[in-house]
Amino acid sequence: MGVLSHLQVIEIGSSAATSYCARLFADFGADVQKVEPPSGDPLRRSAPLTPGGQSTWFAFLNFNKSSIIIDATEPGALARLAALIESCDILIDGREVDSADCPTVDIAAIRQRCPGLIYLEANWFGREGPYAGFATTDSTVRALAGLVKLVGPLEGPPLHAPDFQTGIIAGLWGFIAAASSIVARMRGGRGRWWSLSIFEANLAPAEYHMFEAFARGDVMRRIGINRFWPTFPAGIYETKKGWLGVTTLTQAQWRAFCDMLGLSELRDDPALVLNEGRLLNVEQIERQFMPRLKARTAPEWFAEGLKRKIPIVPVPEVPDLLQDTEKIARGAIVPVLLGEEQGLTAGSMQRLTLTPPRRGGKVPAPGEQQDFANSRKHLTGSASGSSGSIDTGRQPLQGVRVIDFSMGWAGPLCTRTLADLGADVIKIEAIQYPDWWRGVDRHPDYVIGQIYEKTPSFCIMNRNKRGITLNLKRPQGLALAKRLLAAADIVVGNYSVDVLPKLGLGYDVLKTINPRLVMMSMSAFGTNSVHRDCRAYGSTLEQGSGLPSVIGRTDGPPVMSHVAFGDSLGGLNGCAAVLIALIHARNTGQGQFIDLAQVECMMPFAAPWIIAQSVGGTLPERYGNRHPQFVPHGCFRCAGEDDWIMIAATDEDMWRRLAGLIGRPDWATDVSLRSAEARRSIEDLIERSIEAWTLTRDADQAMSVLQAARVAAGVARLPIDLLNDRHLGSRGFLQEVERAFIGLHPQPSMPIREDAWPYAIRTAAPTLGQHNREILSGLLGLSEGDIAQLEREGIIGTKILSEEELAGTRKVSSS
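Residues numbered from 1 in each chain as written. Predicted model: local features only at pLDDT ≥ 70, side-chain atom pairs only at ≥ 80, totals over all residues. Heavy atoms only, no water.

**Student:** Describe the packing of aromatic side chains, and please don't skip the residues or the numbers.
**Tutor:** Using the criterion set out here, one finds 23 aromatic pairs in the structure. Geometrically, the ring pair formed by Phe25 and Phe175 is tilted, given 4.5 Å between the ring centres and 55 degrees between the ring planes. One end of the pair, Phe25, is in helix α1 (residues 16-27); the other, Phe175, is in helix α6 (residues 165-186), with 150 residues separating them in the sequence. Both rings, one in Phe257 and one in Phe289, keep their centres 5.2 Å apart while their planes meet at 80 degrees; by these two values the pair is edge-to-face. Residue Phe257 is found in helix α9 (residues 251-261), and its partner Phe289 is found in helix α12 (residues 282-293); the two are separated by 32 residues along the sequence. Look at Phe289 and you get buried, because its relative accessible area is 0%. Here the aromatic residues Tyr20, Trp57, Phe60, Phe164 and Trp609 are joined through ring pairs into a cluster of three or more. The lysine or arginine in question, Arg358, covers the ring of Phe372, its NZ or CZ lying 3.6 Å from the ring centre. (Phe/Tyr/Trp six-rings, centres within 6.5 Å; stacked < 30°, edge-to-face > 60°. Helix = DSSP H or I, 4+ residues; strand = E, 2+ residues; numbered from the N terminus. Buried < 20%, exposed > 50% of the residue type's maximum accessible area, 1.4 Å probe, protein only. Lys NZ or Arg CZ within 6 Å of the ring centre and 35° of its normal.)

**Student:** Please set out the sheet that holds strand β10 (residues 333-338) residue by residue, giving values where relevant.
**Tutor:** Strand order in this open sheet of three strands is β11-β10-β12, and the pairing throughout is mixed. Edge positions in the open sheet fall to β11 (341-346) and β12 (361-363), since each of these has one partner strand only. Ignoring which end each strand starts from, the neighbouring axes of this sheet average 35 degrees apart. Across six bridges, the pairing between β10 and β11 is antiparallel. Residue pairing in the sheet places Val334 in a bridge with Thr345 of β11. (Pairing = 2+ DSSP bridges. Axes fitted to C-alpha atoms, helices over the stretch in contact; angles between N-to-C directions.)

**Student:** Can you tell me about the nonpolar core, naming the residues and giving the values?
**Tutor:** With 166 residues, the main nonpolar core has Phe25, Phe60 and Leu418 as its most contacted residues. Ranked by residue count, the leading element in this core is helix α23 (residues 565-588), at 13 residues. Other than its neighbours up to four places away in sequence, Leu418 contacts Leu397, Val402, Ala423, Val425, Ile490, Cys575, Val578 and Leu579. By size, the runner-up hydrophobic cluster in this structure holds 30 residues, among which are Val491, Met519, Phe593 and Ile775. (Core = buried A, V, L, I, M, F, W, Y, C linked by side-chain atoms within 4.5 Å. Contact = heavy atoms within 4.5 Å.)

**Student:** Lay out the state of the cysteines with the relevant residues and their values.
**Tutor:** Across all of its chains, the model carries zero disulfides by this definition. Summary of cysteine pairing: Cys88 is not part of a disulfide, and the nearest cysteine sulfur, belonging to Cys114, is at 8.1 Å. (Disulfide = S-S within 2.5 Å.)

**Student:** Give a description of the sheet that holds strand β21 (residues 712-715) that names residues and reports values.
**Tutor:** For sheets, the rule is that strands pair by backbone hydrogen bonds, running either parallel or antiparallel. In spatial order, the strands read β19-β20-β21; together these three strands make up an open sheet with antiparallel pairing. Across the chains shown, the open sheet's two edge strands, defined by having one partner strand only, are β19 (633-637) and β21. Taking each pair of neighbouring strands and ignoring which way they run, the sheet shows an average axis angle of 20 degrees. In terms of strand pairing, β19 meets strand β20 (residues 644-648) through five bridges, oriented antiparallel. Along β20, the bridge assignment pairs Gly634 with Ile647. Sitting on the sheet, helix α28 (residues 683-694) touches β19 and β20, and the angle it makes with β19 is about 40 degrees. Its contacts with the sheet place helix α29 (residues 699-708) against β20 and β21, and it is angled at close to 160 degrees to β21.

**Student:** Could you give an account of the pairing of β20, with specific residues and numbers?
**Tutor:** Across the five residues that make up β20, a large majority, five, are buried. Side-chain alternation along β20 places Trp644, Met646 and Ala648 on one buried face and Ile645 and Ile647 on a second face that is also buried. Counted between consecutive antiparallel strands, the loop separating β19 from β20 contains six residues, among which Asp642 sits at a positive phi close to 50 degrees. Sheet topology places β20 next to β21; four bridges connect them, and they run antiparallel.

**Student:** So what about α23? Which residues, and what values?
**Tutor:** Here α23 is 24 residues long and its end C-alpha atoms lie 36 Å apart, about the 34 Å a rise of 1.5 Å per residue gives. Summarising burial for α23: 21 of the 24 residues are buried, a large majority. Immediately beyond the C-terminal end of α23, within one or two residues, lies Gly589, with a positive phi of roughly 80 degrees. (Expected span 1.5 Å × (residues − 1).)

**Student:** Which residues make up the pattern of salt bridges, and what values go with them?
**Tutor:** Between side chains of opposite charge, a pair can form when the charged atoms approach closely. With the rule as written, the count across this model stands at 58 salt bridges. The partner of Arg142 in a salt bridge is Asp163, and the shortest N-O contact between them spans 4.0 Å. Here Arg142 is found in helix α5 (residues 138-144), whereas its partner Asp163 is found in the loop between α5 and α6, with 21 residues between them in sequence. Just as Arg142 is buried, Asp163 falls in that class too. Asp700 is the salt-bridge partner of Arg717, the closest N and O atoms lying 2.9 Å from each other. Remark: Asp700 occurs in helix α29 and Arg717 occurs in the loop between β21 and α30 (719-722); sequence separation between them is 17 residues. Judged by its relative accessible area of 33%, Asp700 falls in the partly exposed class. Among the charged side chains, a salt-bridge network with shared partners connects Arg626, Glu677, Arg680, Glu683, Asp684 and Glu687. (Salt bridge = Lys/Arg side-chain N within 4 Å of Asp/Glu carboxyl O.)

**Student:** Account for the pairing of strand β3 (residues 66-69), with residues named and values stated.
**Tutor:** As paired strands, strand β2 (residues 31-36) and β3 are joined by four bridges and run parallel to one another. Each residue of the ladder has a partner; that of Val35, found in β3, is Ile68. Taken together, β2, helix α2 (residues 56-62) and β3 form a β-α-β motif whose crossover is right-handed. (Right-handed = clockwise from strand over helix to strand, strands pointing away.)

**Student:** How would you summarise the side chain of Ser66 if you had to cite specific residues and measurements?
**Tutor:** Of note, Ser66 is situated in strand β3. Discounting residues that sit within four places of it in the chain, Ser66 has contacts with Val32, Gln33, Lys34, Pro364, Glu368, Gln369, Gln370 and Ala373.

**Student:** Go over the packing of helix α16 (residues 410-420) against α23 with me, naming the residues and quoting the values.
**Tutor:** The interhelical angle for the contact between α16 and α23, taken along N-to-C directions, is 45 degrees, at an axis separation of 7 Å. Considered as vectors, α16 and α23 are oriented oblique to each other. The way α16 lies across α23 gives a crossing that is right-handed. Counted together, Ala410, Leu413, Cys414, Thr417 and Leu418 of α16 and Asp567, Ser568, Gly570, Gly571, Leu572, Gly574, Cys575, Val578 and Leu579 of α23 form the full contact between these two elements. Looking at the contact of α16 with α23 residue by residue, the classes come out as eight nonpolar, five polar and one charged. (Parallel < 35°, antiparallel > 145°, perpendicular 65-115°, else oblique. Left-handed = near helix turned anticlockwise from the far one by under 90°. Nonpolar A, V, L, I, M, F, W, Y, C, P; charged D, E, K, R; others polar.)

If you want it as structure tokens, here you go:
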């Protein structure tokens, strides 16, 4: 019996986002009933396919579910669907993306009868706004979300990944919304009605660039394959055998990388000390170090990098993942059964240690029930059993307390999401070691000017939290942290795996203080991994995940999609994991440890290729910007400088409309070109004809004309463009918040909302130690004298220490 085995989930409509959301419930034991038409979910026909004709994408999104066939043309179909919904706890609705011939049902009337029902509806752009109703594909949404234009060769076109990335990211957000509603319902609250915008969900990976652009201006451009602003190198390079992911963010890492390669002239060049200087000399630097990397294999360089504390990692291909015994042992690679075919795929990445997810499972045939279906027991009450009066106006996680030891992007995104949903999140830093996203410069001007309070990335990731400082290396600071943890529900850390245990804050200690505490470690590779000592950033996580090996062209290198893709995915998976564990703790009083490996959180993007390789023995070819099912499909140059638009024809009718627009009515009426496979024979010609048309228009004009004709199209946006995006503006996605040191600044909303408008942002990110007195006095009962003594001893404070002051505290600590 899984953590969620008391829940029944009904999934209707067809979308990758809602399918993945429901799959996460199935992973932890929920009885998920997928409603399909007699022809099956359209995603059953999505490429890549196994030799037996099974869709690997559908398989990954749907194993461990049961299938129910409802024919909308039959009498009683609507009553049958309504009865299913009225008996469930959670309804997940993808009909706005693709109705999949699902009967039209009055959800509002059902919710009147079943006030405890949790309802999640997903749509591409939300119900209102300029983009609502757009003809859309996964790739056009990513283009509009700023996730395409910065990737690929300098001269273009921008490169994009295969489909369904948007569904994985949005599915995580949908699961977070629904799981937080379960927590709320457990205290006697009502069910909730959530609307999920897939477009807004996919702004999570773009947030860093968006708000760096707000602070720095229009400084980001595409600079080549596996090159990304603002860090260089942060890419993938060929070795003697295999590919190597390299990231040198800090000065020390750059110097160590140069030393490793014997490039003292690069190491000692003052113009190359900082990333800004290296970005101005990319070609010159790569010409010197790339040949030297070919002297050793990727594993050999990795071993050398570990010694020198350089974030480098071998870049696996899909066959490497299938042979990775560690990932198999951890459940990151699991068995899956597709009819008569057996294979492997990416498992659940929410690595709960007490109540782990199912390890793989069976993909249901249309109408097939899993053996374990309908065996649940209601522990929290049915959807119809809650009046909802207690919960009116409250956010779902109000009353939940979180202690946040995390820094950077991934951990703070996890805890920010909990805070946005109403949790009381207390962020713990130290004046000796603040969150490194505040900045790592300790020169006098930086410290005296408190520049560390003006970093946009820190402000974006830490809103709605309270912040205190505690020196955990001193007994007084450690004791105060333990007192806070004794009354907490959740604690999150993303330090290296040994840091908190060495401080005396390992789970073995904390569970004796607070048995119901949920503790999550968000390390790069997992607490017991052979790679546990590897330094890692978000770029390292993507490099080590296998995803780059399925992106780009067959004759090209593995291609990264982002400078730090792994951070946002780690944060969202972490949030989902702690909510599952919190549900268990609220039901049983048992806390547990979560061993989240952030590199594994990237693997779902490669899951279909893992299945295809494991079943068929060969990997489907890489298509570049083309598509295995849609012809044409690609990114096309427009009239402006570096102006691009993503265009796809997803069916025969859309193809005919596109052909007419670009001045080829003969193609529109040519019966021999009705199928995508037939058009593939002249794909080059079609693409040249489209680009001849787009080159006469700017990208936004082209998108307007194409969308008016119901052709899927999306402008390839820069992150800075999103700050003034008309659709986001119409939906109030960016909220203006006032904060000390930086004044009024925009903050992104969550992509999940219960109303026409998103949850209001309650407070700006805390300044360093802003809530010391409020928490130490209000929660822990310390007197003003006690607090003053802590300040004098450097246990707490509100300003970071300079290099000289920090050196002095090290002497005190060592003595």
